[in-house]
Amino acid sequence: MSASTASAANPATSRLVPYITSRAGEHPDLLLSLRIQRGPDGHLQLGYWNELKADRDLRGVLWGRCSQTIGADGLPTGQPSWRMVHPSRQRECMQQLRCQVCALSARTRHGVIFLAGPGEVRPQEAVVRTAQPPVCLQHARTAAEQCPHLDGRPTAFLAQSAPLYGVIGTPYQYRNGGLQALSAANEALPYGHPALRWFLASQMVRRLRAYTIINLDDLPGP
């Protein structure tokens, strides 16, 4: 996937469309593409009939497939489906610490910037987890102003340590001779959890372990 700046705006509103936003015409794969298979450890697990290496993340968790509408520049095209996040692009940005707006590196010499919407996290708690990929210095303020989820008043974290924690998605079970989806999980399931073998991930989660809360007007230089 190209890491060029995704700075195309919605012609009608001049609103920046984040790289991770789903687009019209992008559809999830069918349930019929899933099957039961034996994993490397010999235990039964969820899988695809024609599974590819890219279908699993670095921790071996299966991810939901979703088509992508990609232009000649390697960037998403089409009418944005606001508030909908494309699983593959969310995973790419979260796993590689790329900006959710432009897909370029979000790393700075001071750390990585993560934004959380009002009431989404409690900074006073010892553990802060987020499924929102980071933002680069160039797009931090734009994301805060234009993202409906952030409501123009996000909590901004400058993280020096943000290890992968787990995934959000849909658990499955084998019942009545076939696979059935259960209610989607609201809480992230941590990597290493035994239930992940029957899980179809849609969002990756990081844990902010060492961070400071900053004012976006006082952002450090790159």
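Whatever comes next refers back to the structure up there.
Because the structure is a prediction, the values reported are computed rather than measured. Numbers given for residues are sequential positions, taken from 1 along each chain in its written order. The predicted origin of the model limits local features to residues at a pLDDT of at least 70 and limits the giving and counting of side-chain atom pairs to 80 or more, whereas totals for whole chains, interfaces and linings rest on all residues. Only hydrogens and water are removed before side-chain values are computed, so all heavy atoms of the structure are retained for them.

A. Spotlight on the overall build of the protein. Scanning the protein for helices and strands turns up two helices and 15 strands. Throughout, exposure labels follow a simple rule: accessible area from a 1.4 Å probe, protein chains only, divided by the maximum for the residue type, with under 20% read as buried, over 50% as exposed, and the rest as partly exposed. Taking all 222 residues of the protein together, the buried fraction comes to 45%. For the protein, the share of sequence-separated contacts (at least 6 apart) that also reach a separation of at least 24 residues comes to 70%. In short, Shrake-Rupley with a 1.4 Å probe defines the accessible areas, and a residue's cover is counted only from the protein chains shown. Carbon together with sulfur atoms contributes 51% to the accessible area of the protein, which is approximately 11,600 Å² in total. Secondary structure is summarised from DSSP: a helix means a run of H or I of at least four residues, a strand means a run of E of at least two, and numbering begins at the N terminus for each. The contact rule is simple, with two residues in contact once any of their heavy atoms fall within 4.5 Å.

B. Summary view of unusual backbone geometry. In this structure, Leu97 is a non-glycine residue whose phi angle is positive, near 55 degrees. With respect to the element layout, Leu97 can be found in the loop between helix 1 (87-96) and strand 7 (107-108). Located in the positive-phi region is Ala103, a residue other than glycine, with phi close to 70 degrees. Tracing the backbone shows Ala103 in the loop between helix 1 and strand 7.

C. Region of interest: the pattern of salt bridges. We define a salt bridge as a contact between a side-chain nitrogen of Lys or Arg and a carboxyl oxygen of Asp or Glu at a distance within 4 Å. Taken as a whole, this structure holds five salt bridges when the rule is applied. One salt bridge connects Asp41 with Arg197, and the closest N-O pair in it is separated by 3.0 Å. Taken together, the residues span a long stretch of sequence, with Asp41 in the loop between strand 4 (34-38) and strand 5 (44-48) and Arg197 in the loop between strand 13 (189-190) and strand 14 (199-208) at a distance of 156 residues. Here Asp55 ties to Arg65 by a salt bridge, and the two come within 2.6 Å at their closest N and O atoms. Note that Asp55 is positioned in the loop between strand 5 and strand 6 (80-85) and Arg65 in the loop between strand 5 and strand 6, a separation of ten residues in sequence. Each member of the pair Asp55 and Arg65 is classed as buried. The network of salt bridges with shared partners includes Asp29, Asp55 and Arg65.

D. The arrangement of the sheet that holds strand 8 (residues 111-116) in detail. Spatially, 7-8-10-15 is the arrangement adopted by the four strands of the open sheet, whose pairing is antiparallel. Single-partner strands in this sheet number two, and they are strand 7 and strand 15 (210-214). What makes two strands pair is DSSP finding at least two bridges between them. With two bridges connecting them, strand 7 and strand 8 associate as antiparallel partners. In the sheet register, Arg107 faces strand 8, and the bridge partner there is Val112.

E. Quick peek at the pairing of strand 5. The buried fraction of strand 5 amounts to four of the five residues, a majority that puts the element mostly inside the structure. Bridge analysis of strand 4 against strand 5 gives five bridges, and the strand direction is antiparallel. The residue bridging Gln37 from the neighbouring strand is Gln45, located in strand 5.

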